[in-house]
Every structure is written in structure tokens, then in C-alpha cells.
Amino acid sequence: TPAPDLEGIRVLVSAGGTREPIDPVRYIGNRSSGRQGVALAAAAAARGADVVLVSANIEQSVLDDAIHPRVRIEPVGTATEMQGVVEREVASADIVIMAAAVSDYRVAKVADGKLRKENSRGKGMSIALTENPDILAGLVQEHRRSGLTIVGFAAETVASEEELVERGKRKRARKGVDLLAVNAVGWNEGFEAGDNSLIFIDASDSVTGAVQGSKREVADALLTEVLRARGNEPL
Ligand code: C5P
């Protein structure tokens, strides 16, 4: 059994990928499986934390790994729904980890009925999009308080590790988070994969660590890094 170094700590984790409806039967989504966020929730609970897992469209077989008496699961569909739950739950959190892949846009006018191909008369079609709020940046701007540690993820398609770190530092500063976990994604890495590899960038824009392993191992390393960022040496 792991050391109970998160006992009494309340952790809010978002996981999965939001889906933005186009019409009653279609959506714009992404390939996030939710595995990394689920692993974070499970690892935090195993270390004694009380966890709220905001779950966006995670397959039940994946979500099953987060089932634990100290994990409460809050299902959401869209980015707007996720924002509502996260902004409500942040008030009683000590650590927020935004691991979800949140859609940057939503459909400007969701159709009441199924869009029909006949109506486009062979001319193709386009869908107007509206920008979604950045939930993470909003937390930093509106909900920051002492004792709350805010952690973001950045999934980047990059050509080199240097580029990954450079992009990570810029994103860390832009969002103002206490810690940013950066990972390379591509057609064959990151999303959906069993293993993951992360680089940690702290509030002084230093790379404080890198970890590669199963999503559970990576989750434990991230939680230890969060404790360090909070100034508590782990047990
Ligand atoms: O800017 P980018 O999408 O790469 O930032 C990723 C981080 O921001 C993740 O932690 C993600 O959960 C969060 N995010 C968010 N709201 C958005 C977009 C991203 O909270 N609309």
C-alpha cells in the first residue's frame, strides 16, 4: 500500500474529452480516452485523498479503474458543462488537475433536427464555431487562493524535446498555473496509449522532472511533484 501522503487533501481531476454537439446525433470530439485522468484519480485516492473526478465521455471499462470509496464521479458532456462542475467543485479543492482534453470551440448553432445531406446539394458544407472558455485559465484568474494548487496538462505535437519544453514554458506562463505537465502526442503516442511520458514545468518555469511509464506510474510521479510544488515533502 502506498504512503498516505495525500490524506485529508481534496483533489479535483478532470478527465476524458468533451464533445460538442452538431445536431441530435453528431458531435465534434477528440481522441482522449481519459486513462491518464482516471489513473490520477485512482492514484490520489490510494494515497488517501478525497477525489472528485469530472468525467467527460469516458468509456465505462476505463472509468472502472477509478471506482473507490473516496472517488466521486461527476459525468459531463460538453466544455460548458465541465466548466459549470469544475467552477462549483473548486471551492472545496486543495489541488485541481485539469487532465481533460477540452474542446476549444463549440458549434455556434446546434441544429434541432438531424442535418441532411440533401440540403447541401452536393456543395459541401461548413459549420460555424464559437470559442469555448478556457476553464483552466479561468480557474487561475477567478478562483486562485492560497492553499490551492492548479495543475494543467499540455498535449503537443512537436518535432523535438526542446520544442516540447519551449512550448510548455510558454503555455505555463500564459495560463499562470502552478505546474504544467507536458506530453508529446501524435498519431501513435499519448492519446489512447497505455504508456505515457511527461515533463513537469513549475511556476518558476524550471523543468523539475520527467517521467515515463504506465499511466498509473506517471500519475504517482505527478502527484509527488504536486506535493513538492505545495512545499510539502512527501512522506
Ligand atoms: O491550451 P491547451 O488546450 O493546450 O491547454 C491544455 C490545458 O488547458 C489542459 O489542462 C486542459 O484541460 C485545459 N483547457 C481548459 N479549457 C479549454 C482548453 C483547455 O481547461 N477550453
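Predicted, not measured: the structure shown is a model, and the values here were computed from it.

1. Overview of the packing of helix α1 (residues 35-46) against helix α6 (residues 215-229)
- Remark: α1 packs on α6, axes separated minimally by 8 Å, with the N-to-C direction vectors making an angle of 60 degrees. Viewed along their axes, α1 and α6 adopt a mutual orientation that is oblique. For the crossing formed where α1 meets α6, the hand is right-handed. For the pair α1 and α6, the contacting residues are Arg35, Gln36, Ala39, Leu40, Ala42, Ala43, Ala44 and Ala46 in the first and Lys215, Arg216, Val218, Ala219, Asp220, Leu222 and Leu223 in the second.

2. What to know about the UniProt feature "binding site: CTP" (unreviewed entry) in the protein chain
- Per the UniProt record, "binding site: CTP" (unreviewed entry) is found at Asp104, Lys114, Pro133, Asp134, Ile135, Leu136, Phe153, Lys171 and Lys175. These residues run over 72 residues, and the two farthest C-alpha atoms among them are 38.1 Å apart, placing them at more than one spot.
- Within the element layout of this structure, isoleucine 135 appears in helix α4 (residues 135-143).
- Look past the residues within four positions of isoleucine 135 in its chain and what remains in contact with it is Ala79, Met82, Gln83, Val86, Met98 and Val102.
- With respect to the helices and strands, the residue leucine 136 is situated in helix α4.
- Overall, leucine 136 belongs to the buried group, its relative accessible area being 6%.

3. Overview of the side chain of glutamate 74
- Mapped onto the elements, glutamate 74 comes out in strand β5 (residues 71-76).
- The exposure class of glutamate 74 is buried, given its relative accessible area of 18%.
- Among the polar contacts listed, one links the side chain of glutamate 74 to the side chain of arginine 72, at a separation of 2.7 Å.

4. What about the nonpolar core?
- With 36 residues, the main nonpolar core has Val11, Leu40, Val51, Leu53, Ile97 and Leu222 as its most contacted residues.
- Here the element with the most residues in this core is α1; it accounts for 7 residues.
- When residues no more than four places from it in sequence are discounted, the contact partners of isoleucine 97 are Val11, Leu12, Val13, Ser14, Leu40, Val151, Phe153, Leu222 and Leu223.
- Judged by nonpolar contacts, the second largest core, of 27 residues, contains Val52, Ile150, Val165 and Ile201.

5. Re the site of the ligand
- Around the ligand lies a shell of 13 residues, among which Met98, Ala100, Leu136, Lys171 and Lys175 are the nearest.
- One of the backbone N or O atoms of phenylalanine 153 is found 2.9 Å from an oxygen atom in the ligand.
- Separating an oxygen atom of the ligand from a side-chain N or O atom of lysine 171 is a distance of 2.4 Å.
- Isolated, the ligand exposes 450 Å² of accessible area, and the fraction of that covered by the protein chains is 87%.
- Of all the secondary structure elements, the ones that give two or more residues to the shell around the ligand are α4, β9 (149-156) and α5 (161-175).
- Class assignment for the residues of the shell around the ligand results in 7 nonpolar, 2 polar and 4 charged.

6. A short note on the pairing of β9
- Across the 8 residues of β9, 7 count as buried, placing the element largely inside the fold.
- Here 4 bridges tie strand β6 (residues 95-98) to β9, and the two strands are oriented parallel to one another. Of the residues in β9, the one forming a bridge with valine 96 is isoleucine 150.
- Note: β9 against strand β10 (residues 179-184), 6 bridges, orientation parallel. Bridge pairing in β10 links alanine 155 to asparagine 183.
- Each parallel crossover has a hand, and for β9 linked through α5 to β10 it is right-handed.

7. Observations concerning α4
- Listed as buried for α4 are Ile135, Leu136, Ala137, Gly138, Leu139 and Val140.
- Each element contacted by the buried residues of α4 is listed here: α3 (79-89), β6, β9 and α5.
- Put simply, aspartate 134 is the residue that caps the front of α4, since its side-chain oxygen is 3.1 Å from the backbone nitrogen of leucine 136.

Thresholds, definitions, all that
- Residues numbered from 1 in each chain as written.
- Predicted model: local features only at pLDDT ≥ 70, side-chain atom pairs only at ≥ 80, totals over all residues.
- Heavy atoms only, no water.
- Axes fitted to C-alpha atoms, helices over the stretch in contact; angles between N-to-C directions.
- Helix = DSSP H or I, 4+ residues; strand = E, 2+ residues; numbered from the N terminus.
- Parallel < 35°, antiparallel > 145°, perpendicular 65-115°, else oblique.
- Left-handed = near helix turned anticlockwise from the far one by under 90°.
- Contact = heavy atoms within 4.5 Å.
- UniProt positions renumbered as here; feature names shortened; annotations may be inferred.
- Buried < 20%, exposed > 50% of the residue type's maximum accessible area, 1.4 Å probe, protein only.
- Polar contact = N/O pair within 3.5 Å; in protein donor to acceptor, adjacent residues only side chain to side chain.
- Core = buried A, V, L, I, M, F, W, Y, C linked by side-chain atoms within 4.5 Å.
- Near = heavy atom within 4 Å.
- Areas by Shrake-Rupley, 256 points an atom, 1.4 Å probe, with all protein chains shown as cover.
- Nonpolar A, V, L, I, M, F, W, Y, C, P; charged D, E, K, R; others polar.
- Pairing = 2+ DSSP bridges.
- Right-handed = clockwise from strand over helix to strand, strands pointing away.

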